[in-house]
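Structural characterization, general
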Amino acid sequence: MILLRASEVRQLLHNKFVVILGDSVHRAVYKDLVLLLQKDRLLTPGQLRARGELNFEQDELVDGGQRGHMHNGLNYREVREFRSDHHLVRFYFLTRVYSDYLQTILKELQSGEHAPDLVIMNSCLWDISRYGPNSWRSYLENLENLFQCLGQVLPESCLLVWNTAMP
């Protein structure tokens, strides 16, 4: 059952730049949003499982994915973008909440043609399960560094939505 209609989503995000940062769960958030900007439906199970494809519902794979080496490692990259006459939505796959790669993304957003109006973000599962025995402590430190950096980089008008991870 869909609670939002494509027309409502288009109106809500009219002339907005939305940035989604996170893992495969957030790739699904991105894909659902791209789909809802165009149609009154959500992802099929097959669309949900697909990753790194060159195109999805009028979007474009900008970097990584099938343009690079498909793997499940810590250096996996996937950057996707959907553009319409009145919407810009970009997705960055993250394996760590704060890293040199994330700093590069934030610098790109800060110096880009458009400043983000909405950032939807989460990173936790990769951070605490794939970075060794001190991963929890590193995650907490990186989380603090992230929010300090976001406060300096994002415009004051930008809404930041932090999706919490399951306990």
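Please read these numbers as outputs of a predicted model, since none were measured by experiment. (Residues numbered from 1 in each chain as written. Predicted model: local features only at pLDDT ≥ 70, side-chain atom pairs only at ≥ 80, totals over all residues. Heavy atoms only, no water.)

When helices and strands are counted, the protein shows six helices and six strands. Starting at the N terminus, the α and β elements of the protein follow one another as α-β-α-α-β-β-β-α-β-α-α-β. Since a compact globule built from 167 residues should have a radius of gyration of about 15 Å, the 16 Å found for the protein is in line with a globular shape. A principal-axis box enclosing the C-alpha atoms of the protein has dimensions of 45 × 35 × 30 Å. Classification of the 167 residues of the protein by burial places 43% in the buried group. In the protein, 60% of the contacts between residues at least 6 apart in sequence involve partners at least 24 apart. Total accessible area computed for the protein in this model is approximately 9500 Å², and 51% of it derives from carbon and sulfur atoms. Put simply, the protein has 18 plus and 20 minus side-chain charges, and the middle of one group is 5 Å from the middle of the other. (Helix = DSSP H or I, 4+ residues; strand = E, 2+ residues; numbered from the N terminus. Rg over C-alpha atoms; globule rule 2.2 N^0.38 Å. Buried < 20%, exposed > 50% of the residue type's maximum accessible area, 1.4 Å probe, protein only. Contact = heavy atoms within 4.5 Å. Areas by Shrake-Rupley, 256 points an atom, 1.4 Å probe, with all protein chains shown as cover. Lys, Arg positive; Asp, Glu negative; His and termini not counted. Charge placed at Lys NZ, Arg CZ, Asp CG, Glu CD.)

Extensive coverage of strand β3 (residues 78-83) is indicated by the burial of five of its six residues. As paired elements, strand β2 (residues 60-64) and β3 share four bridges and run antiparallel to each other. Following the sheet pairing, glutamate 60 is matched in β3 by glutamate 81. Here β3 pairs with strand β4 (residues 87-93) via five bridges, running antiparallel. Each bridged residue has a counterpart across the sheet, and for glutamate 81 the counterpart in β4 is arginine 90. (Pairing = 2+ DSSP bridges.)

Next up on the list: the pattern of salt bridges. As enumerated under the stated definition, the model contains nine salt bridges in all. Arginine 41 is the salt-bridge partner of glutamate 57, the closest N and O atoms lying 3.6 Å from each other. Highlighted residues: glutamate 57 in the loop between α3 (45-49) and β2 and arginine 41 in the loop between α2 (24-36) and α3, separated in sequence by 16 residues. Across the pair arginine 90 and glutamate 108 runs a salt bridge whose closest N-O atoms are separated by 3.7 Å. One end of the pair, arginine 90, is in strand β4; the other, glutamate 108, is in helix α4 (residues 100-111), with 18 residues separating them in the sequence. The class of arginine 90 is buried, set by a relative accessible area of 12%. When salt bridges with common partners are traced through the structure, they connect Arg27, Asp59, Glu78 and Arg80 into a single cluster. (Salt bridge = Lys/Arg side-chain N within 4 Å of Asp/Glu carboxyl O.)

With that out of the way, let us pick up the sheet that holds β3. Across the sheet, six strands lie side by side as β2-β3-β4-β1-β5-β6; this open sheet has mixed pairing. In this open sheet, the two strands that pair with only one neighbour each are β2 and β6 (159-162). Going from strand to strand, the sheet's axes swing by 15 degrees on average, the running direction of each strand aside. With respect to the sheet, α2 is in contact with β1 (16-22), β3, β4 and β5 (118-121), its orientation differing from that of β4 by roughly 165 degrees. (Axes fitted to C-alpha atoms, helices over the stretch in contact; angles between N-to-C directions.)

Tracing the backbone shows asparagine 142 in helix α6 (residues 135-153). With relative accessibility at 13%, the residue asparagine 142 sits in the buried group.

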